[in-house]
Amino acid sequence: MKLHWQILTALILGIVCGILTPGINPYTAWMGELFMNLLSMLMVPIIFFSIVTSITGIYDSGYQLKRLGIKTVGYYIVTMVIAIFTGLFLVNLIQPGHAVDMGSNTVVQANFEQSSVKDIVMGFVPKNIFEAFSKNNTIPVILIAFLIGLSIPKISSEGKQALNGFFKGGLEITLCITQLIIRLSPIGIFAIVVKQFGTNTGFPALLQVMLLYVLTVLAGLFIHTFVWLPLILRFGFHVNPVKHLKNMTTPLLTAFSTASSGATIPLTLYAVQRKNGVSSGICNFTIPLGATINMNGTALLECVAVICIAQAYGVELSILQQMLIVVTSLLCAIGSAGIPMAALVMMALILNVVGLPLEGIGLVVGVDRILDMARTAINVYGDTCVAVMVAKSEGERLTIDQ
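Predicted, not measured: the structure shown is a model, and the values here were computed from it.

A. Representation of the pattern of salt bridges in the model. In the structure shown here, the tally under the stated rule is 3 salt bridges. Close ionic contact of K71 with E394 constitutes a salt bridge, the shortest N to O distance being 2.5 Å. Of this pair, K71 sits in helix 3 (residues 67–94) while E394 is found in the segment after helix 18 (368–393), placing the two residues 323 residues apart along the sequence. A relative accessible area of 30% means that E394 is categorised as partly exposed. Residue D401 pairs with K392 through a salt bridge whose shortest N-O separation is 2.9 Å. On the basis of relative accessibility, which here comes to 21%, the residue K392 falls in the partly exposed class.

B. Region of interest: a nonpolar patch on the surface. A surface patch of nonpolar side chains, amounting to about 570 Å² of accessible area, comprises W5, L8, I12, V16, I19 and L20. Residue placement: I19 occurs in helix 1 (residues 3–20). You can call I19 partly exposed: its relative accessible area is 39%.

C. Molecular detail of the packing of aromatic side chains. Per the counting criterion, the structure on display carries 8 aromatic pairs. Note on Y75 and F237: the rings are 5.6 Å apart at their centroids and 90° apart in plane angle, and the pair reads as edge-to-face. With Y75 in helix 3 and F237 in helix 10 (residues 203–237), this residue pair connects regions lying 162 residues apart in the sequence. F237 sits in the buried class, given a relative accessible area of 13%. Linked through ring pairs, F48, F49, F133, F166 and F167 together constitute an aromatic cluster. Positioned above the aromatic ring of F235, the side-chain terminus of R234 is 5.2 Å from the ring centre.

D. Expanded view of helix 13 (residues 265–275). Residues T268, L269, A271 and V272 constitute the buried set of helix 13. All buried residues of helix 13 project into a common sector of 165° when viewed along the axis, lining one side. In helix 13, the exposed positions that point more than 90 degrees away from the buried face belong to P266 and R274. Where helix 13 is buried, its residues contact helix 11 (241–247), helix 12 (249–258), helix 14 (280–293) and helix 18. Of the residues flanking the end of helix 13, it is G277, one or two places downstream, whose phi is positive at about 85°.

E. Structural detail: empty space enclosed by the protein. In total, this model carries 2 cavities of 30 Å³ or more according to the counting rule given. Each pocket or cavity is described by its volume, and for the largest cavity that value is around 40 Å³. Taken together, S261, T264, I265, T268, I287, A291, V380 and D383 form the lining of the largest cavity. Looking at the lining of the largest cavity, the elements that each hand over two or more residues are helix 13, helix 14 and helix 18. Its residues assigned to classes, the lining of the largest cavity comprises 4 nonpolar, 3 polar and 1 charged. By volume, the second largest cavity amounts to about 30 Å³. The wall of the second largest cavity is formed by Y213, L301, L344, M347, I361, V364, V365 and D368.

F. Seen up close, the side chain of D383. Structurally, D383 is set in helix 18. It turns out D383 is buried and unbridged, and the closest side chain with the opposite charge, R375, is 13 Å from it. For D383, the residues in contact, after removing those within four places along its chain, are Y76, I287, G290, A291 and N294.

G. The arrangement of helix 15 (residues 296–312) in detail. Its 17 residues place the ends of helix 15 25 Å apart at the C-alpha level, agreeing with the 24 Å of an ideal helix rising 1.5 Å per residue. Burial of helix 15 is extensive: 17 of the 17 residues sit out of reach of the surface. Positioned one or two residues after helix 15, G314 has a phi angle of 75°, which is positive.

Conventions adopted
- Sequence order sets the numbering: in each chain, residues are counted from 1 along the sequence as written.
- Predicted model: local features are reported for residues with pLDDT of at least 70 only, side-chain atom pairs are reported and counted for 80 or more only, and whole-chain, interface and lining totals are derived from all residues.
- Side-chain figures throughout are based on the complete set of non-hydrogen atoms in the structure, without hydrogens or water.
- The rule for a salt bridge is simple: a side-chain nitrogen of Lys or Arg has to be within 4 Å of a carboxyl oxygen of Asp or Glu.
- The secondary structure listing takes helices from DSSP runs of H or I that are at least 4 residues long and strands from runs of E that are at least 2 residues long, numbered from the N terminus.
- Exposure is judged per residue with a 1.4 Å probe applied to protein chains only, and the accessible area is read against the type maximum: over 50% gives exposed, under 20% gives buried, and values in between give partly exposed.
- Each patch is built from residues that are more than 30% exposed by relative accessible area and take part in no salt bridge. Like charges join if they lie within 9 Å; nonpolar side chains (Val, Leu, Ile, Met, Phe, Trp, Tyr) join within 5 Å.
- Here the accessible surface of atoms and residues is derived via Shrake-Rupley with a 1.4 Å probe, and residues count as covered only by protein chains that are part of the display.
- For this analysis, a ring pair means two rings from Phe, Tyr or Trp (six-membered ring only for Trp) whose centres lie within 6.5 Å, classed as stacked if their planes differ by under 30 degrees, edge-to-face if by over 60, and tilted for the remaining angles.
- As a reminder, the over-ring test applies to NZ of lysine and CZ of arginine, requiring each to be within 6 Å of the ring centre and within 35 degrees of the ring normal.
- Read the arc as the range of directions from the helix axis to the C-beta atoms.
- Contacts between residues were defined by any pair of non-hydrogen atoms, one from each residue, lying within 4.5 Å.
- Here a cavity means grid points, on a 1 Å grid over the protein atoms only, where a 1.4 Å probe fits yet cannot get out; a pocket means an open set of points with protein on both sides within 12 Å along at least five of seven lines; lining residues are those with an atom within 4 Å of a point.
- Grid points are joined across faces, edges and corners, and a volume is the space filled by probe spheres set on the points.
- Here the term charged refers only to Asp, Glu, Lys and Arg, the term nonpolar to Ala, Val, Leu, Ile, Met, Phe, Trp, Tyr, Cys and Pro, and the term polar to all other amino acids, Gly among them.
- Counted charges follow a simple rule, with Lys and Arg positive, Asp and Glu negative, and His plus the chain ends left uncounted.
- Expected span of a helix, by definition, is 1.5 Å for each gap between consecutive residues, and there is one gap fewer than residues.

In structure tokens, the structure reads:
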């Protein structure tokens, strides 16, 4: 049985056992805690190694972050920020987490109330690098990873080769460990769901949260795909967004059905180059790079999920705190490519950053497979749009020009 079917089965069994036999919770709770601890253990190495290798990989492309590289990365970041703010607006409008009361978390609320702009900015720079790693303080780890990734290409070739090998090897090892832990996810999710359905307001309210959460994410993905990106293409780069979307049908349907952006790269390259007329040089740079750092759909989902969980726990987030979630979602999305069940792992990381309970993942993980297919298609569509933007900014004439 495939992993997503195992997770779905665990979710259903957890709901049934939580409702019918709530007394089982004391005997299963430890499994959920163990699974959350395993995810927490992975946070620092996975974000550290993935961000460093992503940054150094851009340099290895040969463009060395000069004009075309900076332009491409800039477009990717802008589209991800638009996606995140779309999700932020919708989750505050619809408020899916308010449909259930998971219990007031006074410790989290107190920690948030003490936060200020100064505290958050100071939190980016650790007094001790090793202390940041040892305490799972992910914000400074992200900053350290970016600094190392930007600095490696500037050292001697011998040192650069050695460090590139070290970080790529570290990422491979971390991903292997992640694969092993993800295999345990059905057991962990079962225990978490049993606890939630056995100790809280019950099935109808929790089901309502899941339904509203799915609708919020899908609405955000729809608006990003059929409103914001077409408007940018039409008025910013003077191309026909309808023709572009039609030309991208094959890679988008493939991405949706396989839930894998990497598997669609050959189809995406063919569609963008042959059907849209983008040059091979730009295609061969922007599309593989996009599969590495551009996660429009994933970034939107992570932002919605974390705020939905905060709402369910009764935590009122200020604008400043929500901006921290936006920034963290963006940085995590950049480093999440190639990570098994990336949304689950990155969601745990963001929850850790803002001090929310990791077990809140159980509220949204049951519907992740449905959303995984949709967000993957949006990730790929974002890649194709940026390829067109870069081509037009370089003065190329395309078949989809207005």
